[in-house]
Amino acid sequence: MNNAEQHDAFLDELGIGPVWKLRDSSASIATISHVAEIVPVPHVVMTVPAHIPVSDGLPRTLATDSLPNATTTLAPTATDMHQPISIVPATSIAVAEMDWTSLESTVAACRACQLCEGRANTVFGVGDQRAKWLFVGEGPGYQENLQGKPFVGPAGHLLDNILRALGMQRGENTYIANIVKCRPTDAQGKDRAPSPEEVAACLPYLKRQIALIQPEVIIALGKTAAVSLLDLNPETPVGQLRGKLHRYQSLPLVVTYHPAYLLRKPTEKSKTWEDLCLALRSM
Ligand code: SF4
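Residues numbered from 1 in each chain as written. Predicted model: local features only at pLDDT ≥ 70, side-chain atom pairs only at ≥ 80, totals over all residues. Heavy atoms only, no water.

S.K.: Looking at this model, I keep getting lost on the overall build of the protein. Mind explaining?
M.R.: A tally of regular secondary structure across the protein gives 11 helices and eight strands. Of all 283 residues assigned to the protein, the portion counted as buried reaches 52%. The contacts in the protein between residues at least 6 apart in sequence include a share of 71% that link residues at least 24 apart. In the structure as shown, the protein presents an accessible area of about 12,700 Å², 51% of it carried by carbon and sulfur atoms. (Helix = DSSP H or I, 4+ residues; strand = E, 2+ residues; numbered from the N terminus. Buried < 20%, exposed > 50% of the residue type's maximum accessible area, 1.4 Å probe, protein only. Contact = heavy atoms within 4.5 Å. Areas by Shrake-Rupley, 256 points an atom, 1.4 Å probe, with all protein chains shown as cover.)

Here it is in structure tokens:
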């Protein structure tokens, strides 16, 4: 496959194949300086590929601007299961020293916030524990809660296409996780954004995952992931955050749209492509 064909395949995977062209047709998509030269072709309608269902909900929007250390990690007893749940600031130091095995078992038993009450499964995360790319979403949805895996619904299908567009696949050099490990729902049982307290309770787990993985770049998918990891005002719009290189501690962090949002607004896929190019340049 020559470079032009490789480029077309890249964009087809992302569902924006008809929209882009290279100024320099000899450019390689893996060459950052050339990636930056990709420009949109005007007057071409962008579509979602037929194999991607367009049925997901609105992107979640809430996060916290203050993320104190918090969490508790003790396994529940039969008595505990009937106790009222509260946000429990506690053993973030213990979490920060856990290995993968103890971290995952601790999350599975966690009752540090009220999200444990409605969960079918915790959704710990999935992928290569030495991944260079870490993708962080907001929290589990309906399917994720049932299956115990992140991004397995329509938005997950699109994320898989994005990974393929980058020449990767789930589990190979990528890790996928969420800000909270249990599904947040509203009074009607629909997905909602996690509250600041829920984010604060759960974030030590993700921080420990990041410390263990030591990725070369973090992709924050949507506002909740971005403002939680960057400790920003929760009202900060994604539009203000994307297009720039941020830092989570010393690690490059790029903000882009949540795949669920892209399903609702496929014309924004081109911006996600720009954000991924920025991430590539940062590595
Ligand atoms: S969302 Fe996180 S902190 Fe809350 S119960 Fe689940 S694992 Fe624990």
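That shown, we press on.
S.K.: Any chance you could explain the site of the ligand here in plain terms?
M.R.: In the vicinity of the ligand, the contacting residues are Cys-110, Ala-112, Cys-113, Leu-115, Cys-116, Arg-119, Lys-181, Cys-182, Ala-201, Cys-202 and Tyr-205. For the shell around the ligand, a count of residues per class yields nine nonpolar, no polar and two charged. (Near = heavy atom within 4 Å. Nonpolar A, V, L, I, M, F, W, Y, C, P; charged D, E, K, R; others polar.)

S.K.: Explain the packing of aromatic side chains here, please?
M.R.: Geometry of an aromatic ring pair is reported as the spacing of the ring centres plus the angle between the planes. Here the structure, examined in full by the defined rule, presents four aromatic pairs. Consider the rings of Trp-100 and Tyr-175, whose centres lie 5.6 Å apart with planes at 40°: the pair is tilted. Of this pair, Trp-100 sits in helix α4 (residues 100-109) while Tyr-175 sits in strand β5 (residues 174-178), placing them 75 residues apart in sequence. For Trp-100, a relative accessible area of 14% translates into the label buried. Seen from their ring centres, Trp-133 and Phe-135 are 6.0 Å apart, and the 10° between their planes marks the pair as stacked. (Phe/Tyr/Trp six-rings, centres within 6.5 Å; stacked < 30°, edge-to-face > 60°.)

S.K.: How should the pairing of strand β4 (residues 133-137) be read in this particular structure?
M.R.: A regular strand places its side chains on the two faces of the sheet in alternate fashion. Of all five residues in β4, five are buried, a share of seventy percent or more. Residues of β4 alternate between two faces, with Trp-133, Phe-135 and Gly-137 on one and Leu-134 and Val-136 on the opposite face, all of them buried. Across five bridges, the pairing between β4 and β5 is parallel. Counterpart to Gly-137 in the pairing with β5 is Asn-178. (Pairing = 2+ DSSP bridges.)

S.K.: Would you mind showing me how to read helix α7 (residues 196-213) here?
M.R.: Because each turn of an α-helix spans 3.6 residues, side chains separated by three or four positions in sequence point in the same direction. With 18 residues, α7 should cover 26 Å at 1.5 Å per step; its first-to-last C-alpha distance of 25 Å lies within 8% of that length. Of all the bends found along α7, the most pronounced is centred on Cys-202 and spans about 40°, while Pro-204, a proline, follows it within four residues. Here α7 lies mainly inside the structure; 13 of its 18 residues are buried. Just downstream of α7 lies Gln-214, where phi reads positive at about 55°. (Expected span 1.5 Å × (residues − 1). Bend = angle between axes of the 7 residues up to and from the residue.)

S.K.: Teacher, can you tell me more about the sheet that holds β5 here?
M.R.: Read across the sheet, six strands follow the order β3-β5-β4-β6-β8-β7 without closing on themselves; strand pairing throughout is mixed. Whereas interior strands pair on both sides, the edge strands pair on one side only; in this sheet they are β3 (126-127) and β7 (245-248). Judged from the four bridges that link them, strand β6 (residues 217-221) and strand β8 (residues 251-256) form a sheet pairing that is parallel. When the sheet's bridge partners are listed, Ile-219 is paired in β8 with Val-254.

S.K.: Is there a simple way to explain the nonpolar core in this structure?
M.R.: One broad rule of soluble globular proteins: the nonpolar side chains tend to lie buried together. Grouped together as the largest cluster of nonpolar side chains are 64 residues, with contacts concentrated most on Phe-135, Ile-179, Ile-218 and Leu-229. Here the element with the most residues in this core is α7; it accounts for eight residues. Apart from residues no more than four positions distant in its own chain, Ile-218 is found in contact with Leu-134, Val-136, Ile-210, Leu-229, Tyr-248, Leu-251, Pro-252, Leu-253 and Val-254. (Core = buried A, V, L, I, M, F, W, Y, C linked by side-chain atoms within 4.5 Å.)

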